[in-house]
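So you can see what is in the structure, the chains are spelled out below.
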Amino acid sequence: MKKIRVIVMDMDGTLLTSEKIVTEHTKEVLKKAKAKGYRIGIASGRPLIGIQRSIESLGIDDIIQFMVASNGAQMYDIEKEKEYGFYQLEPDVISEIIDLYSPFDLNAYVYQGATCYAYRNDSIIQRAAKNNHLDIHLCDLKKEITKPQSKLVLSTPPEKMEEVEKFYESHKSDRYRAFKSQADMFEFVHPKLSKVYGIEEYCQVYGYTLDEVIAFGDTTNDLEMIRECGVGVCMCNGTDDVKAVADIITKNSNDEDGVAHVLETELL
């Protein structure tokens, strides 16, 4: 294996089990890795405040050293207590997307501060707000969202996802890029963004390269970091597109300490 200095993990479907916890065994393995000098981070589609609150409630805030949030739009260096913000979607782009996808009758939402702004309430919004420890504010997004946003999410029932993905492929724009981040979430970000953007920014601060990063993920919004980091690991419960570009596919799922097993066998 290449010389690895940085470990970065997606949260949902990767580090977290189906019950949205981190097992004690995985915590112990991550602590051992940190003690050996590896830098450990999170790269998630969740907003920064959601990751911050989550790692505290999960009991891993003493392990994690940096957070890449909103699929690369934000990065927080815990050691330096410094937040970085990158490319965002302008309000007019958000309105354009909402109008374009209106025939699907999907619920659009954004994360702004400690609040999830959405057109209407549904089970997907409720889960996202709960997982990120956020409030919900129902509103007309096109009227109330007047500042650039890290991302726009369309709450997409799984039975509509394939149709939405096909529609996106035939209606691409140089003003944004989109991908499935979970089975029922389709997200839009600035065209220059991916999780690997935030990871690379962190590496540059400490003099590392992407070749020195091992990245763990499970679905389409992880694809770039799995492909471009030194070692890309896809969970065995992951999607086929990510498995196709991974260097390693775990033998164990996210419910079976898959991340910990790879770290133990490959690094520790």
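The preceding data block contains the structure.
Residues numbered from 1 in each chain as written. Predicted model: local features only at pLDDT ≥ 70, side-chain atom pairs only at ≥ 80, totals over all residues. Heavy atoms only, no water.

(A) The arrangement of the pattern of salt bridges in detail. According to the stated counting rule, one finds 17 salt bridges in the structure shown. Across the salt bridge formed by arginine 120 and aspartate 105, the nearest N and O atoms sit 3.8 Å from each other. With arginine 120 in the loop between strand S7 (115-118) and helix H5 (123-132) and aspartate 105 in the loop between helix H4 (91-100) and strand S6 (107-112), the pair connects residues that are 15 residues apart, well separated along the chain. Across the salt bridge formed by arginine 227 and glutamate 228, the nearest N and O atoms sit 3.6 Å from each other. You can call arginine 227 partly exposed: its relative accessible area is 46%. Sharing partners across several salt bridges, the network here consists of Asp10, Lys195 and Asp222. (Salt bridge = Lys/Arg side-chain N within 4 Å of Asp/Glu carboxyl O. Helix = DSSP H or I, 4+ residues; strand = E, 2+ residues; numbered from the N terminus. Buried < 20%, exposed > 50% of the residue type's maximum accessible area, 1.4 Å probe, protein only.)

(B) Geometry of the pairing of strand S9 (residues 152-155). Side chains Leu152 and Leu154 project from S9 onto one buried face, and the interleaved Val153 and Ser155 project onto a second face that is buried too. Alignment of S6 against S9, held across 3 bridges, turns out to be antiparallel. Bridge pairing links asparagine 107 to serine 155 in S9. Of the pairings in the sheet, the one linking S9 to strand S11 (residues 185-189) comprises 4 bridges and is antiparallel in character. Each residue of the ladder has a partner; that of valine 153, found in S11, is glutamate 187. (Pairing = 2+ DSSP bridges.)

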